[in-house]
Structure formats: structure tokens, C-alpha cells
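# Summary of the model geometry
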Amino acid sequence: MPNTDRGRAHSTTGASRLGSSGEPLKHQTDIARAAALIADPSRARILKCLADGRALPANALASEAGIGAATASVHLAKLVEGALLTVEQRGRHRFYRLAGPDVSAALECLALIAPPLAITSLKQSNRAIALHRGRSCYDHLAGRLGVALMRGLLERGILTGHDGIHRPDEAVRDQPASYGHDVRYRLTGTGRTELAGLGIDTDRLPPRRPAIRYCVDWSEHQHHLAGGLGAVLTARLFALDWVRWGRSPRVVDLTETGAHGLERTLGVVLTDAMVPAVGEPEKPA
């Protein structure tokens with residue numbers, strides 16, 4: 001006699017894996033768990049501090065979050081367990097970094113719906129101005145500096161495919177503070193030659209990631225360059241000392257040498273709003 005209970009169980013299990021069209025259902029994501037990890041103010045400050053893609057030691061993150069070392073250790077363990085951070089041992093110290101660019105992109109998206117933090121000091125005001133002027137978006141440039149770089153690449157014919165302006169009324173999938181999908185940028189032959197002159201081999205971009213992507217910049221509402229090319233170009237600008245890390249997390253300052261170099265080599269047109277007000281930018285504290 002057939003085991004009808006077993007047959008029913010098998011049938012129910014099979015049905016649960018198929019949609020009404022007979023196609024396999026996509027897995028569900030635990031948004032609540034990720035949101036709970038980010039929701040704690042101290043953990044949120046830690047994540048924001050790491051949003052530039054760099055690895056930092058636990059003591060630096062504790063200081064930035066304004067908490068003690070023991071408390072920071074608990075928070076960091078939760079973020080690693082939740083796959084938002086990775087950790088590596090370097091001698092006696094543990095260094096933490098974001099698990100990948102998707103974590104940084106998620107933080108950028110949350111910034112769109114989050115209420116603004118009250119600015120109660122000159123220091124906070126200066127930090128906000130600096131972030132709009134130039135910042136990192138994981139491992140590439142954003143803010144006015146990043147948008148100006150993208151515009152220069154397009155106007156010089158290094159990239160082609162769009163004019164770099166985000167138009168919400170024409171967007172299909174593009175949203176502010178996220179990776180773009182509506183446009184396909186391409187590197188031109190001229191672009192390969194010009195970037196080679198800057199010391200960038202476009203045939204050896206980082207593997208396992210798109211060579212050219214773009215983000216819709218949350219503060220400028222225009223496109224800035226992401227992907228492998230954006231990361232390599234940003235790293236090269238740091239190596240040339242054309243840009244430097246600012247005093248605050250994620251802030252990127254343009255040097256005087258960099259202002260001249262970007263205009264000469266990539267046609268980047270800079271304004272006073274993109275350059276620190278007094279001389280060379282300060283090195284991080």
C-alpha cells in the first residue's frame with residue numbers, strides 16, 4: 001500500500017519551491033536582521049566610518065563611535081557575524097572593513113530616507129561641507145569632485161554613452177544614492193590611450209567586477225564613476241598625491257597639485273567649491 005502521507009509531504013515541499021508559473025521561487029531576504037544591525041547608533045557610526053572601503057583597527061573605530069573598547073568589541077563581533085564586516089589579524093591588532101561595496105551602497109540608500117542629524121557645532125558644519133565637496137563612495141570618488149571627474153572623462157571623450165546627468169522624470173531603474181542601471185558607459189580607444197598616459201592599464205582592471213559602472217550621486221544628483229575603472233583611477237589619484245584623505249571619515253581633499261593635474265590630463269573643470277579653502281588639505285589626524 002503506498003505511503004500517501006509521504007507522497008503528500010513530497011508534493012507540498014515541491015509546491016513550496018515553485019511559483020504560480022512553475023518557475024523556482026527566489027529566496028527571501030532577512031531585511032529585518034540587517035536593519036537591526038545598522039539601527040544601533042554606535043554600529044551605524046562604525047559602518048559610516050568604514051564606508052570609504054579602508055580597513056581600520058578596533059581602537060580607531062571605538063574612538064570614532066565615541067564608545068569604549070569593550071563595547072566596540074561587542075558591536076564589531078555582531079557586525080562580522082551579520083556579514084556586514086570582515087576582519088583580519090595584523091600582528092597584535094584586528095582590522096575591520098566593510099564586507100563589500102553593496103554594504104556601502106545600502107548605507108547610501110538609507111541616507112535618502114533618514115532624517116538629517118542636527119548640526120550643533122562648527123565642526124559638524126565643516127564636516128558636512130567637506131563631504132559634499134569630495135568623498136569616497138566605497139573605493140571611488142563621489143561628491144562634487146567625483147561628479148566633476150566623470151564630466152571631464154565624458155567631455156574629453158574618454159568615456160561615452162551618456163551626459164552624466166540624472167533626470168528623475170526619465171529614469172527607469174535609477175534612483176539617487178545607488179548603482180545606476182539605465183545607462184551603459186563605454187571606454188573609448190582615445191580613453192585607453194589617455195589613461196595609459198596617467199599610468200592606468202585598462203586591460204588589467206580588477207577581475208570579478210564590472211569594469212565600468214556608475215552611481216547616482218546623492219548630493220549632486222548626477223553620475224559619478226564606479227566599477228573597476230573608478231576604483232583604479234581613484235587609487236592612482238591617491239598615489240600621485242592629487243587627492244588625500246581628509247580629517248573626517250570618507251572626506252577626500254583635492255591637493256593644489258591635483259587640481260592642476262586633473263585639469264591638464266583629464267580636462268576636469270574645478271570650482272572653488274571643490275577645493276579646500278586654505279592651501280593644501282590637512283592630513284588625517
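This text follows the structure it describes.
Glancing now at the pairing of strand 10 (residues 223-226). Taking every second residue as pointing to the same face, both faces of strand 10 are buried, with H223 and L225 on one and H224 and A226 on the other. In this structure, strand 9 (residues 213-216) lies alongside strand 10, joined through four bridges in antiparallel fashion. When the sheet's bridge partners are listed, Y214 is paired in strand 10 with L225. The hairpin formed by strand 9 and strand 10 contains six residues between the paired strands, and H221 there has a positive phi angle of roughly 55°.

What follows deals with the side chain of S178. Relative to the helices and strands, S178 is located in strand 7 (residues 178-179). On the basis of relative accessible area, S178 is assigned to the buried category, the value being 14%.

On to the sheet that holds strand 10. Backbone hydrogen bonds hold the strands of a sheet together, and the pairing may be parallel or antiparallel. Taken in spatial order, the three strands of this open sheet run 7-9-10, and their pairing is antiparallel. Because the sheet does not close on itself, it has two edges, and the strands there are strand 7 and strand 10. Examined bridge by bridge, strand 7 and strand 9 share two bridges and lie antiparallel to one another. Counterpart to Y179 in the pairing with strand 9 is C215. In the packing of helix 10 (residues 227-239) onto the sheet, contacts are made with strand 9 and strand 10, and the angle to strand 10 comes to roughly 85°.

This part takes up a nonpolar patch on the surface. Taken together, the side chains of L110, L112 and I113 define a hydrophobic patch exposed on the protein surface, amounting to about 290 Å² of accessible area. Along the chain, L110 turns up in helix 6 (residues 101-113).

The rules behind these values
Residues numbered from 1 in each chain as written. Predicted model: local features only at pLDDT ≥ 70, side-chain atom pairs only at ≥ 80, totals over all residues. Heavy atoms only, no water. Buried < 20%, exposed > 50% of the residue type's maximum accessible area, 1.4 Å probe, protein only. Helix = DSSP H or I, 4+ residues; strand = E, 2+ residues; numbered from the N terminus. Pairing = 2+ DSSP bridges. Contact = heavy atoms within 4.5 Å. Axes fitted to C-alpha atoms, helices over the stretch in contact; angles between N-to-C directions. Patch = residues over 30% accessible without salt bridge, like charges linked within 9 Å, V, L, I, M, F, W, Y side chains within 5 Å. Areas by Shrake-Rupley, 256 points an atom, 1.4 Å probe, with all protein chains shown as cover. Salt bridge = Lys/Arg side-chain N within 4 Å of Asp/Glu carboxyl O.

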